[in-house]
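Here is how the chains run, residue by residue.
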Amino acid sequence: QGVPGVAPSLIGVGAAAVHFQVSTGRMPAKETGPEQPRKPVTLHPGQIRALAAYIESLGGGPMIPSQADVNPAAGKFSLGQQLFVADCAQCHNFVGAGGALTYGKFAPPLTKSTPTQIFEAMLTGPEAMPVFNNTTITPQQKRDIIAYVTQARSQPNPGGFSLGRVGPVTEGLVAFLGLLLFMVLAALWITAKHGKTHE
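Each residue is numbered by its place in its chain's sequence as written, counting from 1. Owing to the predicted nature of the model, reporting of local features is limited to residues with pLDDT of at least 70; listing and counting of side-chain atom pairs is limited to 80 or more, with chain, interface and lining totals taken over all residues. Just so you know, side-chain values use all the structure's heavy atoms and leave hydrogens and water out.

1. Brief notes about the packing of aromatic side chains
Keep this limit in mind: The aromatic pairing rule takes the rings of Phe, Tyr and Trp, using the six-membered ring of Trp, and pairs them if the centres are within 6.5 Å, calling planes under 30 degrees apart stacked, those over 60 edge-to-face and the rest tilted. In DSSP terms, a helix is any run of H or I states spanning at least four residues, a strand is any run of E spanning at least two, and both are numbered starting from the N terminus. Exposed residues in this analysis have more than 50% of their type's maximum accessible area, buried residues have under 20%, and partly exposed residues fall in between, with area computed by a 1.4 Å probe over protein chains only. Placement of a positive charge over a ring is assigned whenever Lys NZ or Arg CZ falls within 6 Å of the ring centre and within 35 degrees of the normal to the ring plane.
Inspection of the entire model under this criterion finds two aromatic pairs. With a centroid separation of 5.2 Å and 55° between ring planes, the pair formed by phenylalanine 77 and tyrosine 148 is classed as tilted. One end of the pair, phenylalanine 77, is in helix H3 (residues 77–87); the other, tyrosine 148, is in helix H6 (residues 139–154), and 71 residues separate them in sequence. Look at phenylalanine 84 and tyrosine 148: their rings are 5.3 Å apart centre to centre, the planes differ by 50°, and that puts the pair in the tilted class. In this pair, phenylalanine 84 sits in helix H3 while tyrosine 148 sits in helix H6, placing the two residues 64 residues apart along the sequence. Each of the two residues, phenylalanine 84 as well as tyrosine 148, counts as buried. Each member of the aromatic cluster is reached from another via a ring pair, and the members are Phe77, Phe84 and Tyr148. The lysine or arginine in question, lysine 142, covers the ring of phenylalanine 119, its NZ or CZ lying 5.8 Å from the ring centre.

The following block contains the structure:
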């Protein structure tokens, strides 16, 4: 039933929400906070499914998707990329590297997420993430997004150094700092040369 100010009620959240939170190590929580980070999993898969089944028995909710529901091979990379850019990239970055949000929250990187966990996150909307039910984003579109996320991890970076693959912000920052360092060294060299000439 939850504890006000500490933890929400689990009645009606469904097996998928429990499976996501526990299989990613976010639960059981070590301490309360605005966002639970991914941690090593403390329960084995059988225990996780048993716990999810118990919570589901209390009030129903979204079920754990089957392997056929989350199969990346059943999705289309190009459509998944379009959907990801439209619905997910604002928080998770264009390649799923994650990013900071407001009030101490953050969108986690998707580099370690399994297809089942990605599907469950869209279905249940954990923490700061909105819920994308099967009417908002259809199961096939979810498979397309999963196909894009899982394939984008293994794609080589054609630009050389990836710099975290978080887009032009880091590239611009590195270029700015490099230019600033060059200007400082040039100023020091000119000053030293001028001092020797003056002597």
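Picking up where we left off.
2. Re helix H1 (residues 14–23)
Formally: Any pair of residues with heavy atoms lying within 4.5 Å of one another is described as a contacting pair.
Counting buried residues along H1, ten of its ten residues qualify, which places the element largely inside the surrounding structure. Listed in full, the buried residues belonging to H1 are Gly14, Ala15, Ala16, Ala17, Val18, His19, Phe20, Gln21, Val22 and Ser23. Check the buried side of H1 and you find it contacts helix H2 (45–59) and helix H5 (115–124).

3. Section: H6
An α-helix turns once per 3.6 residues; consequently, residues spaced three or four apart project the same way. The condition is simple: A helix is expected to span 1.5 Å multiplied by its residue count minus one.
With 16 residues, H6 extends 24 Å from end C-alpha to end C-alpha; this agrees with the ideal 22 Å at 1.5 Å per step. Buried within H6 are the following residues: Lys142, Arg143, Asp144, Ile145, Ile146, Ala147, Tyr148, Val149, Thr150 and Ala152. Against the buried residues of H6 lie H3 and H5.

4. Considerations on the packing of H1 against H2
Put simply, the rule is: Angles shown run from 0 to 180 degrees and are taken between the N-to-C directions of axes, each axis being a line fitted to C-alpha atoms and, for helices, limited to the stretch in contact. Each helix crossing is assigned a hand: it is left-handed if the near helix lies turned anticlockwise from the far helix by less than a right angle, otherwise right-handed if that turn is clockwise. Residues were grouped as follows: Ala, Val, Leu, Ile, Met, Phe, Trp, Tyr, Cys and Pro as nonpolar; Asp, Glu, Lys and Arg as charged; and all remaining residues, including Gly, as polar.
For the pair H1 and H2, the least separation of the axes is 8 Å and the interaxial angle reads 145°. When you trace H1 past H2, the crossing you get is right-handed. The segment H1 lies against H2, with Gly14, Ala15, Val18, His19, Val22 and Ser23 engaging Ile48, Arg49, Leu51, Ala52, Ile55 and Glu56. Residue composition of the contact of H1 with H2, grouped by class: seven nonpolar, three polar and two charged.

5. A look at a nonpolar patch on the surface
For clarity, the cut-off: Think of a patch as exposed residues, more than 30% relative accessible area, with no salt bridge, where like charges cluster within 9 Å and nonpolar side chains (Val, Leu, Ile, Met, Phe, Trp, Tyr) cluster within 5 Å. Using a 1.4 Å probe, the Shrake-Rupley method yields the accessible areas, and only the shown protein chains count as cover for residues. Salt bridges are identified by distance alone: a Lys or Arg side-chain nitrogen within 4 Å of an Asp or Glu carboxyl oxygen.
Taken together, Leu173, Phe176, Leu177, Leu180, Leu181, Val184, Leu185 and Leu188 make up a surface patch of nonpolar side chains, about 770 Å² in accessible area. Structurally, leucine 177 can be placed in helix H7 (residues 168–198). Looking at leucine 177, the relative accessible area reads 45%, which means it is partly exposed.

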